[in-house]
Amino acid sequence: MSWAWEYVFSAEEAARTAPTAFLAEVERKAAELARAAEAQYLHGRAHVGSDPKGEDITVPGGMFRYQVVLRSERVYVVQITYLGF
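Structural notes, computed from the coordinates. (Residues numbered from 1 in each chain as written. Predicted model: local features only at pLDDT ≥ 70, side-chain atom pairs only at ≥ 80, totals over all residues. Heavy atoms only, no water.)

For an α-helix the count is 3.6 residues per turn, leaving residues at separations of three or four pointing the same way. Over its 21 residues, helix α2 (residues 20-40) runs 30 Å from end to end, which matches the ideal 30 Å to within 8%, given 1.5 Å per residue. Turning to α2, its buried residues number three or more, namely Phe22, Leu23, Val26, Ala30, Leu33, Ala34 and Ala37. One side of α2 carries all its buried residues, which in axial view fall inside an arc of 110°. Seen from the open side of α2, the exposed residues pointing more than 90 degrees away from its buried face are Thr20, Ala21, Arg35 and Ala39. Looking at the buried side of α2, the elements it contacts are β1 (4-7), α1 (9-15), β2 (55-59), β3 (62-69) and β4 (74-82). (Helix = DSSP H or I, 4+ residues; strand = E, 2+ residues; numbered from the N terminus. Expected span 1.5 Å × (residues − 1). Buried < 20%, exposed > 50% of the residue type's maximum accessible area, 1.4 Å probe, protein only. Arc of directions from axis to C-beta. Contact = heavy atoms within 4.5 Å.)

If you want it as structure tokens, here you go:
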């Protein structure tokens, strides 16, 4: 399994109504976070201990919250907020 990112269900539902330019920024940044996690946690499946704390990321148009789950080798986008700026 290799590192990837995905929306959790509630964020996926919210993404259906968000503008495409905003979603493109969220997805670009989420892919960047997955690449960074892959570089930092080379053996994510074998990780012992807790996952890193999730954070908020500001992107043009709003923000999103993500969580890294090391043993799944995933970056989950758990919430998106379109603010229109």
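Turning our eyes to something else, we now look at the pairing of β2. Where β2 and β3 come together, 5 bridges link them in antiparallel fashion. Paired with valine 59 across the bridge in β3 is glycine 62. Hairpin connection, β2 to β3: the antiparallel pair is bridged by 2 residues, and glycine 61 has positive phi, about 105°. (Pairing = 2+ DSSP bridges.)

On to the pattern of salt bridges, then. Tallied over the entire structure, the rule returns 6 salt bridges. Glutamate 6 serves as the salt-bridge partner of arginine 74, at 3.2 Å between the closest nitrogen and oxygen. Of this pair, arginine 74 sits in strand β4 while glutamate 6 sits in strand β1, and the two are 68 residues apart along the sequence. Glutamate 6 gets classed as partly exposed once you look at its relative accessible area, which sits at 34%. Through salt bridges that share partners, Glu25, Arg28, Lys29 and Glu32 make up one connected network. (Salt bridge = Lys/Arg side-chain N within 4 Å of Asp/Glu carboxyl O.)

Attention now moves to the pairing of β4. Here 4 bridges tie β1 to β4, and the two strands are oriented parallel to one another. The residue bridging alanine 4 from the neighbouring strand is arginine 74, located in β4. Alignment of β3 against β4, held across 8 bridges, turns out to be antiparallel. In the strand pairing of β4, tyrosine 66 is matched with valine 77. In sequence, β3 turns back onto β4 through a hairpin of 4 residues, with glutamate 73 there showing a positive phi of about 55°.

The next subject is the nonpolar core. If you look at the biggest cluster of nonpolar residues, it comprises 21 residues, and the most contacted ones within it are Tyr7, Val26, Phe64, Val75, Val77 and Ile80. For this core, the secondary structure elements donating two or more residues are α1, α2, β2, β3 and β4. In terms of residue count, α2 provides more of this core than any other element does, 7 residues in total. Setting aside chain neighbours within four positions, we find valine 75 in contact with Trp3, Ala4, Trp5, Glu6, Leu33, Ala34, Ala37, Tyr66, Gln67 and Val68. (Core = buried A, V, L, I, M, F, W, Y, C linked by side-chain atoms within 4.5 Å.)

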